[in-house]
Amino acid sequence: VRAQVFGIGQAAAGDDGVGIEVLRELRRRAPEGGAPELVELADPMSLVPHLEEAGLAVLVDAVVSPGPPGRVLRLRAEEAAAAHLALVSTHGITVLDAFEVARALGASARRVVLVGITIEPPSRYHVGLSREVLDAVPRAADEVLSVLRELSGEERGEESGQQGGEESAR
Amino acid sequence: MARKTIRVDYLSRVEGEGALTIRVRRGKVTGVELRIFEPPRFFEALLRGRSWLEAPDITARICGICPVAYQMSSCHALESAAGARVEGPLRDLRRLLYCGEWIESHALHVFLLHAPDFLGYQDGVSMAKDHPEMVRLGLRLKKAGNAILRLIGGREVHPVNVRLGGFYRVPSKSELAALIPELEWALAAARDTVRWTATFPFPDLERDYEFVAMRHPREYPFNEGRIVSTKGLDLEPRDYDEHFEEVQVERSNALHSRVKGRGEYLLGPIARFNLNFDRLTDTARKAALAAGLRPPCRNMFRSIIVRAVEILWAVEEALRIVRSYEPPPAPHVDLSPRAATGRAATEAPRGILYHRYRLDAEGLIEDAKIVPPTSQNQLSIESDLMELGPKLVEMPHAEAVWTAEQAIRNYDPCISCATHFLALEVVRE
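Residue positions are given per chain, counting from 1 as you read along its sequence in written order. Here chains are named by letter from A upward and ligands by number from 1 upward, in the order in which they appear as written. Per-residue local features of the predicted model are confined to residues with pLDDT of at least 70, and side-chain atom pairs are confined, for both listing and counting, to 80 or more; whole-chain, interface and lining totals are unaffected and use all residues. Side-chain descriptors were evaluated using all non-hydrogen atoms of the structure, hydrogens and water having been removed beforehand.

Asks: Residue-level account of the confidence of the model for chain A, with values.
Replies: In the predicted model, chain A carries a mean pLDDT of 80, and 78% of its residues have values of at least 70. pLDDT under 50 marks residues 165-170 of chain A. Its contacts with residues more than four places away, or in other chains, come to zero contacts. The quantity called pLDDT is the predictor's confidence in a given residue, expressed from 0 to 100. In this analysis, two residues are considered to be in contact whenever any of their non-hydrogen atoms come within 4.5 Å of each other.

Structure, rendered in structure tokens:
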């Protein structure tokens, strides 16, 4: 099953660029030929066709939160959408809106997970992450790899369950 | 002594944060306040003391939807300060880049932000469930625009390949030719979009706007031309400050713009269409006429059809440039700074974007002024709502909020750019 990790953000909008930075951390750790497909996106809507095709998808994005910055959250995308998380948007459209559009167009929502890193609202032109958010990058990368292992395990479990079911049916 | 307040505390499907209050006394609208509370970002102050070479990249960060407009206005203003002009294939590539931005920005607004208003959906997500084929078409059109941005600009959002004098790298002929099949598909899709939007129900609201747009001797306007209006303005962009003024109002972090001695004016697709109908291609003109659209169009709700016509025009223009492209001998022309002030206006998707820079002899920016289209349209938006007011106060609250938001979205407002948007409050006093 095709696994894709999408890092969403703007490198020039301070901590909003954390999704891109997590992808860079995953690239540094990736073994030759064994890495999931890593896709950097700045425009959330360009995610829609990817989600219509993806098997397993992990969305890494900044989450604006009143709490301390640098916390790492993990939610199934449909849970995140229902929770109305405050993601940073382009023209009022967030990565979760893109997820909802993709789902409305028939994309499967079974294997889409959001790994969010909390940030304070970005308001100024600024390149680079704050200390708190930078410190969260390795933990967020760990979380992405953990999500991919679990999703792949679920996928394998379902496949073997289906095969077992077919065998029993025979 | 019936008093009523219609309030929208947060306006959705627009870029940035704002709110709207309509005050009503004895059934009459006594005031409309469009409040922009997105914090100012002080880009003009940030530019002071920086090298002129940095301006296109810094100003592009003002907006994630129209960064090309900021790059084009800054480049043309700074090149004007240096006494330079960019011609030939480099000029064509700049127009092609702008085509990409108009296509992706207009497609996003038409299909996901504005069409739901006309078809009775809360948002693009709920519309996608019932109209998946049109949403897919819109997303593919947007992608076609993004592909141009990626190729010419280096990436889809906040392009990095634009520099004073041209580009860091120019594409090969074969790289541009690879765009042709999708643009040919987009041409047919844009025609379908014009026909589709023309079937929408349009509220009846016509006003005597002063339309203001660029006008070029031969082309539908992007980067060059005079600033003209339907009430007699006809000026070079360098004379902008003599004819337009900005005023601070307490309720808004955006400056309001006026024609000096006259007042509000309207920029954007309808203004361009009304003032440049004869500059459209035959295909775009015929599509507009077949959709029942002819100048002067004074109903801002019909701006959605005009955006579709401009998508069609931009796709045709992109194809023309791609098919005739011969790579330039160098990716940019060399420029030398001088102590001077440069001014330029270009046509962003939402209307004229004016930039002014004062440079020292080393090319350091001493002063900068940026006037985005949404702040110039803000007075016109409020006047539309004043005109709609008597109908709004007769409507149930939810319908009034819906109609007011729709009227504001006619402008595809970009509040992030303007902060320099919407929560509706109707105060019945």
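Asks: Tell me about the environment of Glu-394 of chain B, residues and numbers included.
Replies: Residue and element names in this part refer to chain B. In this description a helix means any DSSP run of H or I spanning at least four residues, a strand means any run of E spanning at least two, and both kinds are numbered starting from the N terminus. Note that Glu-394 resides in helix 13 (residues 373-394). Buried residues are those whose accessible area, probed at 1.4 Å on protein chains only, stays under 20% of the maximum for their type, while exposed residues exceed 50% and partly exposed ones sit between those limits. On the basis of relative accessible area, Glu-394 is assigned to the exposed category, the value being 66%. Along the chain, Glu-394 and Gly-27 lie 367 residues apart, while their C-alpha atoms are 8.4 Å from each other.

Asks: Explain the nonpolar core residue by residue, including any values.
Replies: Residues enter a nonpolar core if they are buried and are Ala, Val, Leu, Ile, Met, Phe, Trp, Tyr or Cys, with the set joined through side-chain atoms within 4.5 Å. Of all hydrophobic cores here, the largest spans 153 residues; its most connected members are Phe-6, Met-45, Leu-51, Leu-59 and Val-101 of chain A together with Leu-96 of chain B. Ranked by the residues each element gives to this core, the list is headed by helix 4 (residues 88-119) of chain B, at 16 residues. When sequence neighbours within four positions are dropped, the list of residues in contact with Leu-59 of chain A reads Phe-6, Ile-8, Leu-47, Leu-51, Val-95, Val-112, Val-113, Leu-114 and Val-115 of chain A. Grouped together as the second largest cluster of nonpolar side chains are 25 residues, Leu-56, Val-58, Val-60 and Ala-62 of chain A included.

Asks: Tell me about the packing of helix 6 (residues 132-153) of chain B against helix 8 (residues 180-197) of chain B, residues and numbers included.
Replies: Residues and elements named next belong to chain B. Angular values range over 0 to 180 degrees, each being the angle between N-to-C directions of two axes fitted as lines to C-alpha atoms, with helices fitted over their stretch in contact. Where helix 6 contacts helix 8, the axes come no closer than 10 Å and their chain directions differ by 135 degrees. When the axis of helix 6 is compared with that of helix 8, the two are oblique. The crossing of helix 6 and helix 8 is left-handed. For the pair formed by helix 6 and helix 8, the contact residues are Met-134, Leu-137, Arg-140, Leu-141, Ala-144 and Ile-148 on the first element and Glu-182, Leu-183, Trp-185, Ala-186, Ala-189, Thr-193 and Trp-196 on the second. Any angle between 65 and 115 degrees counts as roughly perpendicular, while under 35 counts as roughly parallel, over 145 as roughly antiparallel, and the rest as oblique. The sense of a crossing depends on the near helix, which, turned anticlockwise from the far helix by less than a right angle, makes the crossing left-handed and, turned clockwise, makes it right-handed.

Asks: Residue-level account of the packing of aromatic side chains, with values.
Replies: Residues and elements named next belong to chain B. Two rings from Phe, Tyr or Trp (for Trp, the six-membered ring) form a pair when their centres sit within 6.5 Å of each other. Planes less than 30 degrees apart are called stacked, planes more than 60 degrees apart edge-to-face, and all others tilted. Inspection of every chain in the model, using the stated rule, returns 15 aromatic pairs over all chains. On the numbers, 5.4 Å between centres and 25 degrees between planes, the contact of Phe-118 with Phe-200 is stacked. Residue Phe-118 is located in helix 4, and its partner Phe-200 is located in the loop between helix 8 and strand 6 (212-215); the two are separated by 82 residues in the primary sequence. Residues Phe-118 and Phe-200 agree in their burial class; the two are buried. On the basis of an interplanar angle of 45 degrees and a centroid distance of 5.5 Å, the ring pair of Tyr-209 and Phe-211 is categorised as tilted. Each member of the pair Tyr-209 and Phe-211 is classed as buried. Every member of this aromatic cluster is reached through a ring pair, and the members are Tyr-98, Trp-102, Tyr-220, Phe-222 and Trp-313.

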